[in-house]
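Residue-level structure breakdown
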Amino acid sequence: MSKPTAVSYFKEQLWHSNQILVAILGICSALGITNRLSVAITMGLSVTFVTACSSFFVSLLRNVTPDSVRMITQLAIISVFVTIIDQFLKAYMFPLSKVMSVFVGLIITNCLVMGRAESMAKNVTPFPAFMDGLGAGAGYMIVICAVGAIREFFGFGQLLGHQIVPQSWYATTDAPFGYENFALMVSPPAAFFILGGFIWIYNIISGEDHP
Amino acid sequence: MWMANYEPINLFGLLIQAVFIENFLLANFLGMCTYLACSSRLKTANGLGVAVVFVLTMAGTLNWFVHRFVTGTGALSWLSVFGIDASGIDLNFLEFLLFISVIAAFVQVVEIVIEKVSPALYMSLGMYLPLITVNCAILGACLFAVTRNYPFFPNLVYVFGSGLGWWLAIALIAAIREKLAVSNVVPAIKGMGITFIATGLMSMAFSGFTGIKLANPSGGEETEEAKAAVIEQEASPIAKS
Amino acid sequence: MSEQQPQPNRGPSDLQVIGFVVILSFVCALVLAVLASALRVPQEVAQELDRSEQMMIAARVFTHEGYFQIQNDKGEYVPAKYAGDGRLVAGTEEDIATSNEILDVYKHRFIPTLVDGKGKTETFKEAGIDEEKYLADYKKSGYYRQPEKLIYKILPNPTNGKGEDPQPIGYVIPVNGFGLWDAIYGYLAVEPDGETVIGISWYEQKETPGLGANIAEESWQKEFYGKKIFQPNSEGQINQKTAPVGITVVKGKVAEVLGTSPKAEAAVDGMPGATLTGNGVTNAYRDVLAAYRPFFIKIHDKTETQ
């Protein structure tokens, strides 16, 4: 079958065409929601699910979709999957859904999902489209989890809610020169700086010039 | 429903809040993708900004109606005019689908109208419109407005202000990028990398606006209620003895 | 539908396009409707569970770590575990409560009732108000603004005998306010003397993570244990009829700002970098508790005469 090709779609999305670092798509949620690693992981998994499934269905319907309603069809399919995720979170992971609130809905307009549907899914057969979507989501997830880990570690001294930096290191009124959390990491501008840094590193490693 | 207990001064405060304090792009990070793709020239950025303001204001208002009469809690009670008791039906799960459909449909209609009415305007603006449908800022502003349950006019001011704020941010960064393009930037960070860092710095600057609270409704019943409680129990010791 | 063969000028006809869109919309809406009805019950359970947990945290019946609590003979709080029928017995920190246990204890021990403007309690039935509708309608605007205000009675841990009407060991008040970004919702549990705080919780807030969002953290909430909701005068006495009501979140530490003044009993430390959220909390307590003042006076007088 086209198995080697399908897997190569997956690998391509992970590095060479990584959606965040190369195509610069899917940034909004990468910035707004990477305060804590647990939230970043949930978001990454949600986006992967939505991208893979919607790419699959868009590809399935690609031959019967009239051209004039192409975009609306893609949006409709994507919103169905996002609603599925939203409903599941509200039912089984309620505290997490409270934190993520509107950002789950914003996966619909996440350029990453639309981008994959528009550029890939409507041109290839369903299974490669699915793998492509899966890879895009996985690449996205790796990047935002890295950002989330850095922000949570430096901003809270924790990872996944567990205290990593020992409590005894912290500054108190008795020991004013002790460790303090890097508060800037908790606020949004830090995400910009970290992503800029990642792009820099990526460009150096891959040796390509991305204007 | 139209104004609830918002005074006109609150509307002004809401506008300031939406443009500067909770700037959609620099404080909430919505609408980044189009922003990053189209901000290399000031002219393009302006065109995009105007289009966003227009679409966001109209779509935000339309979606307010959708939420109020279709998908909000108890929204279908207007069907009682036809004798159907539908106040218990909860269509909240259709909200995402309906909102994005309204936005997409509206943009489509606007594109067609502009093309027919003013080809010149279409040439300068028309190509951005499809891009705007998927701009997270549009859907985001609609969803934020819904969670805050604004009455009609505050909602209108809020979505209009959000669009303006987005335009402001994209114009600012485009101006900066035009200058950066001719400066000496380290090759690996040129382009996107440096744009991110510049945006981060701008976002830090805008966070200086946090905490200016202008937009809370200051219309009057609740303060009466709190006062009444105190007065009543002050009166009662006399009544008791 | 196979009109995609080279059609030089027209794609599918308008009717086919409309037909496609209609079918697509119908299928999408159907899928979502089925899913929504299937998940409705788990969603309601999840919401109720969250709310119950938060109320029990405020009443110090449950902890952030996930296990129950009871008071031992010395009045200290020790871990507890579920023993059936809403009862709790001493246990360890390892006895993490399950959802059903939490909901059961909540059902047995937290009774929603109404108080009116004069402090008189009555049940929903006596007031002729539909409980579900009342709870849903006024959640956002605030129960404290209604002529009949919501309050929850905390019943004691049931002992083996099927008791008569047990006396409440406290009351939980739903608190609404506005933080830095958006509305905040929480609970405040008060002792039967009508002035001492048992505990607080904040179950819905959209404050800045790491700063204002600390109001939901245990480390800040435990500052409220034993505080007073009325400001004592300089001799340390509380006159419930005239004292200012509410708990103040000071900027900085209470020890530095108020020192040994009796006013410190109605104040807690602020959170650095989150002054505005702290102000929101102060305003929330002041506005909400003012509406319940007649009730506090009534139950205080009742405790005095006992």
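Residues numbered from 1 in each chain as written. Chains lettered and ligands numbered in written order. Predicted model: local features only at pLDDT ≥ 70, side-chain atom pairs only at ≥ 80, totals over all residues.

Notes on the interface of chain C and chain A
Contacts between chain C and chain A engage 25 residues on the former and 24 residues on the latter. With 17 residues, helix α1 (residues 14-58) of chain C is the single largest residue contributor to the side of chain C that touches chain A. By residue class, the composition of the side of chain C that touches chain A is 15 nonpolar, eight polar and two charged. (Contact = placed C-beta atoms within 7 Å. Helix = DSSP H or I, 4+ residues; strand = E, 2+ residues; numbered from the N terminus. Nonpolar A, V, L, I, M, F, W, Y, C, P; charged D, E, K, R; others polar.)

Concerning the confidence of the model for chain A
Averaged over all residues, the pLDDT of chain A is 81; the fraction at 70 or higher stands at 95%. The least confident element of chain A is helix α1 (residues 3-14) of chain A, whose mean pLDDT is 70; the most confident is helix α3 (residues 37-60) of chain A, at 89. (pLDDT = per-residue confidence, 0-100.)

Concerning the nonpolar core
Ranked by internal contacts, the top residues of the largest apolar core, which has 133 residues, are Ile27 of chain A together with Leu25, Ile138, Leu139 and Ile170 of chain B. A per-element tally of this core places helix α8 (residues 152-180) of chain B first, with 13 residues. Residue contacts for Leu139 of chain B: discarding those within four places in its chain leaves Gly105, Leu106, Ile108 and Thr109 of chain A together with Phe99, Ile100 and Ile103 of chain B. Within the second largest apolar cluster, 66 residues are counted, among which are Phe68, Ile238, Ala284 and Tyr292 of chain C. (Core = buried A, V, L, I, M, F, W, Y, C linked by C-beta atoms within 7 Å. Buried ≥ 20, exposed ≤ 12 C-beta atoms within 10 Å, placed from the backbone.)

Re the interface of chain B and chain A
Taken together, the 35 residues of chain B in the interface contact 36 residues of chain A. If you list the elements that add at least two residues to the side of chain B that touches chain A, you get α2 (32-38), α4 (95-117), α6 (129-133), α7 (136-147) and α9 (192-206) of chain B. The greatest single-element share of the side of chain B that touches chain A, amounting to eight residues, is contributed by α9 of chain B. Classifying every residue of the side of chain B that touches chain A gives 22 nonpolar, twelve polar and one charged.

Comments concerning the pairing of strand β4 (residues 110-115) of chain C
All names here are of chain C. Pairing of β4 with strand β6 (residues 149-154), which is carried by six bridges, proceeds in the antiparallel orientation. Across the sheet, residue Ile111 finds its bridge partner in β6, namely Lys153. Bridging between β4 and strand β5 (residues 121-122) involves two bridges; their strand directions are antiparallel. Of the residues in β5, the one forming a bridge with Leu114 is Glu122. Hairpin connection of β4 to β5: five residues between the antiparallel strands, including Gly119 at a positive phi of 95°. (Pairing = 2+ DSSP bridges.)

Focus on the packing of helix α3 (residues 42-71) of chain B against α8 of chain B
All names here are of chain B. Closest axis-to-axis distance for the α3/α8 pair is 8 Å, and the angle between their directions is 165°. Our classification of the angle between α3 and α8 gives roughly antiparallel. Here α3 runs over α8; the crossing is right-handed. Looking at the contact of α3 with α8, its residues break down into 19 nonpolar, eight polar and one charged. (Axes fitted to C-alpha atoms, helices over the stretch in contact; angles between N-to-C directions. Parallel < 35°, antiparallel > 145°, perpendicular 65-115°, else oblique. Left-handed = near helix turned anticlockwise from the far one by under 90°.)

Here we look at helix α8 (residues 126-156) of chain A
Taking 1.5 Å per residue as the helical rise, α8 of chain A with its 31 residues ought to reach 45 Å, and the 43 Å between its terminal C-alpha atoms agrees with that figure. Positive backbone phi, at 75°, marks Gly157 of chain A, one or two positions downstream of α8 of chain A. (Expected span 1.5 Å × (residues − 1).)

Points about the packing of α8 of chain B against α9 of chain B
Residues and elements named next belong to chain B. Where α8 contacts α9, the two axes come as close as 11 Å, and the packing angle between them is 135°. In terms of axis orientation, α8 runs oblique to α9. Our pair here, α8 against α9, has a crossing hand that is right-handed. Contacts between α8 and α9 involve Leu172, Ile173, Ile176, Arg177 and Leu180 from the first element and Ile194, Thr195, Ala198, Thr199 and Met202 from the second. For the contact of α8 with α9, the per-class residue count stands at seven nonpolar, two polar and one charged.

Focus: helix α9 (residues 189-206) of chain A
Taking 1.5 Å of rise per residue, the 18 residues of α9 of chain A would be expected to cover 26 Å, and the 26 Å separating its terminal C-alpha atoms lies within 8% of that figure. Taken together, the buried positions of α9 of chain A are occupied by Pro189, Ala190, Ala191, Phe192, Ile194, Leu195, Gly196, Phe198, Ile199, Trp200, Tyr202 and Asn203 of chain A. Looking at the buried side of α9 of chain A, the elements it contacts are α2 (27-32) and α8 of chain A together with α9 of chain B. Among the residues trailing α9 of chain A, Gly207 of chain A stands out with phi positive, at a value near 65°.

A word on the sheet that holds strand β7 (residues 170-178) of chain C
With antiparallel pairing, six strands are arranged side by side in an open sheet as β5-β4-β6-β7-β8-β9 (chain C). The open sheet has two free edges, formed respectively by β5 and β9 (197-204) of chain C, since each of these has just one partner strand.

Thoughts on the sheet that holds strand β3 (residues 88-90) of chain C
Residues and elements named next belong to chain C. Judged by pairing direction, the sheet is antiparallel, and its three strands sit side by side in the order β1-β2-β3 without closing on themselves. The sheet terminates laterally at β1 (68-71) and β3, the two strands that pair on one side only. Neighbour-to-neighbour, the strand axes of the sheet open up by a mean angle of 55°, direction not taken into account. Note: strand β2 (residues 77-82) against β3, three bridges, orientation antiparallel. In the sheet register, Lys81 faces β3, and the bridge partner there is Val89.

Structural notes on the pairing of β2 of chain C
Look at any regular strand and the pattern is simple: side chains alternate between the two faces of the sheet. Residues and elements named next belong to chain C. In terms of strand pairing, β1 meets β2 through four bridges, oriented antiparallel. Pairing of Gln71 across the sheet is with Tyr77, part of β2. Adjacent in sequence and paired antiparallel, β1 and β2 are bridged by five residues, among which Gly75 carries a positive phi angle near 90°. Between β2 and β3, which pair antiparallel in sequence order, lie five residues; one of them, Gly84, sits at a positive phi of approximately 90°.

A short note on the environment of Phe29 of chain B
Topologically, Phe29 of chain B is positioned in the loop between α1 (8-21) and α2. With 48 residues separating them along the chain, Phe29 of chain B and Ser77 of chain B place their C-alpha atoms 36 Å apart. Once residues within four sequence positions are removed from consideration, Phe29 of chain B is found in contact with Cys28, Leu31, Gly32 and Pro188 of chain A.

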